[in-house]
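Structural overview
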Amino acid sequence: MTDKTEFDDIRPYTDDEIPAAMQRIAASSSFPLLATYVYPGEEIDDVRERIRGYRTIREFQSETMRRVNERIVQCTIDAFTCSGLDRLSPDRQYLYVSNHRDIMLDASLLEYYLVTHGFDTTEITFGANLMQGQLVIDIGKSNKMFRVERPGGSIREFYHRSVHLSNYIRHAIRDKHQSVWIAQRNGRTKDGMDRTDQGIIKMFCMSEAEDKIRAISDLHVVPVAVSYEWESCDILKTLELYASQYAPYTKKPGEDLNSILTGIVQPKGRVHFEICEPLSEVELRTLEPLTSNEYHKAVARLIDRRVVAAYRLYPNNYIAYDLRYGTQKYEDQYTDAQRQAFLGRLNMLNRYDTCDIDQLKDIFLGIYANPIVNKGLLNDAAEPYTINHQVFNP
């Protein structure tokens, strides 16, 4: 039996809870569809018995989740690359703070890379809006995912939820000796402009309120930049951004699940993960004179600089920039065949004839062009800035 803890409302499953979870997964009405994708050509009953036989999280992850990611890479990715792992130690726990382009794959593919290169998998934040339905809960919590509530309710309720989450992240790293993955912001980047929410940094600090430097340095923060040649759910993101121009956007039932499935099956071209240099206590100490609010903003800026600098640009980014701004600035970065392929994708928006097609296309081009804009903004902001007559350069 698993002992009761103060984090039972959000924590992942323990090994003691895996056998029962596997029984429920194997009995799910959706199991044949999932099994066919992960284990093509095998008998459903054989796969069901295999799943029922798992007794630990490691078995589930090293067998089934490894196969899930292998299938995704095999079927939808032309080249999957990672670099920067030599900056880390397999014996230390980290807080991976990643830009967020795909609901599931940003974390899942990183986990796959880590575990196939001698590192343990991490615990993963999972939005409460996604963790619904017993099958999703069982798969998520068996995959070391823990529940994160979306903003909402009273200010007091949101504060207590934030403190609770901060305490759990520190508990996972310090006491459970588990690394943690979290997105740099609440929700995916839909416009191509990766930015760390300083509220995330504030939340990290809540569990170590007496020392803002240690609050971050003890978590061993590692920025991660993930770059997709073909942006995950690019058409869906375009439609959402278009609709949100005219009214507050409300997701339809099943929309998140549709985005997860689209992200899994959509061709992604090349995908690259860059594990950036961890934030060091030395550089954090240079921020010590800042107020708490200034410090949170400066740490977010440190992460942004690493992520934006490491983001890998592909021909689609250069094509979109030239098309959107009417230039030939980057024509040496792509071929005519690549340009025609991109235009074919762009022209898929013509089917949405109840919308302003020009606006739709401009939004779509922005999703791909903005990473180039982002790098330019990073360079423009590279100079030191002054607070209270003291110069800082995070």
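Look above for the structure.
Here goes a summary of the coordinates provided. Here the residue numbering is sequential within each chain, running from 1 through the sequence in written order. Thresholds applied to this predicted model are a pLDDT of at least 70 for local features of residues and 80 or more for the giving and counting of side-chain atom pairs; totals over whole chains, interfaces and linings are not thresholded and use all residues. Excluding hydrogens and water, the side-chain figures rest on all heavy atoms present in the structure.

Examining the overall build of the chain
Threshold: Secondary structure counts use DSSP, requiring at least four H or I residues in a row for a helix and at least two E residues in a row for a strand, with both numbered from the N terminus. We take the radius of gyration over the C-alpha atoms and set the globule estimate at 2.2 Å times the residue count to the 0.38 power. When accessible area is computed with a 1.4 Å probe and restricted to protein chains, residues below 20% of their type maximum are described as buried, those above 50% as exposed, and intermediate ones as partly exposed. We call two residues in contact whenever any of their non-hydrogen atoms come within 4.5 Å of each other. Note that accessible areas follow from Shrake-Rupley with a 1.4 Å probe, and for residues the cover is restricted to the protein chains shown. Counted as positive: Lys and Arg. Counted as negative: Asp and Glu. His and the chain ends are not counted at all. One atom stands in for each charge, and that atom is NZ of Lys, CZ of Arg, CG of Asp or CD of Glu.
Regarding its fold elements, the chain presents 16 helices and nine strands. In terms of overall dimensions, the chain is globule-like: its C-alpha atoms have a radius of gyration of 22 Å, near the 21 Å expected for 394 residues. Sorting the 394 residues of the chain into buried and exposed places 52% on the buried side. Intrachain contacts of the chain at a sequence separation of at least 6 include 75% that bridge at least 24 residues. Counting every atom, the chain has about 18500 Å² of accessible surface; 51% of that belongs to carbon and sulfur. Charged side chains in the chain number 48 positive and 57 negative. The centres of these two groups are separated by 2 Å.

Some points on the state of the cysteines
The cut-off we apply is this: Note on terminology: pairs of cysteine sulfur atoms within 2.5 Å are recorded as disulfides.
Per the stated rule, a full pass over the model turns up zero disulfides. Between C82, a free cysteine, and C276, which holds the nearest cysteine sulfur, the sulfur-to-sulfur gap is 11 Å.

A closer look at the nonpolar core
The nonpolar side chains of a soluble globular protein tend to be buried, and buried together. Quick reminder of the rule: We call a set of buried Ala, Val, Leu, Ile, Met, Phe, Trp, Tyr and Cys residues a nonpolar core when their side-chain atoms join them within 4.5 Å.
Judged by nonpolar contacts, the single largest core of 51 residues is most densely connected at M22, L88, Y96, L110 and F273. Considering each element in turn, this core owes the most residues, seven residues, to helix α5 (residues 105–115). When near neighbours in sequence (up to four residues on either side) are disregarded, Y96 contacts L88, L110, L114, F119, T122, S179, V180, W181, I182, V222 and V224. Counting 37 residues, the second largest nonpolar core, distinct from the first, contains F7, V148, V180 and L219.

Thoughts on the environment of R150
With respect to the element layout, R150 can be found in the loop between β4 (145–148) and α7 (155–174). Residue classification places R150 among the partly exposed positions, given a relative accessible area of 31%. When the C-alpha atoms of R150 and N350 are compared, they prove to be 34 Å apart, with 200 residues separating the residues in sequence. When neighbours within four sequence positions are excluded, R150 is seen to be in contact with N129, R161, N186 and G187.

So, the environment of I235
Structurally, I235 is set in helix α10 (residues 234–244). Assessed through its relative accessible area of 10%, I235 is described here as buried. Between the alpha carbons of I235 and F364 there is a distance of 7.3 Å; along the sequence they are 129 residues apart. Other than its neighbours up to four places away in sequence, I235 contacts R345, M348, L349, Y352 and F364.

Structural notes on the packing of aromatic side chains
The condition is simple: Stacked, tilted and edge-to-face pairs are distinguished by plane angle, under 30 degrees for stacked and over 60 for edge-to-face with tilted covering the rest, among Phe, Tyr and Trp rings (Trp via its six-membered ring) whose centres lie within 6.5 Å. Lysine and arginine charges are scored as sitting over a ring when NZ or CZ, respectively, is within 6 Å of the ring centre and within 35 degrees of the ring normal.
Across all of its chains, the model carries 15 aromatic pairs by this definition. Between Y54 and F60, the aromatic rings sit 6.4 Å apart at their centres with planes inclined by 65 degrees, giving edge-to-face as the arrangement. Side by side, Y54 and F60 carry an identical accessibility label, which is buried. Aromatic pair F80 and F273: ring centres 5.9 Å apart, planes at 80 degrees, arrangement edge-to-face. On the criterion of sequence distance, the pair formed by F80 in strand β1 (residues 77–83) and F273 in strand β7 (residues 269–275) is long-range, its members being 193 residues apart. Grouping aromatic residues by their ring pairs yields a cluster made of W230, F342, F364 and Y368. Above the ring of Y39, the side-chain terminus of R50 is found at 4.6 Å from the ring centroid. The ring of Y295 carries the charged tip of K212 above its face, separated from the ring centre by 5.7 Å.

Purely spatial values, then, with no claim about function.
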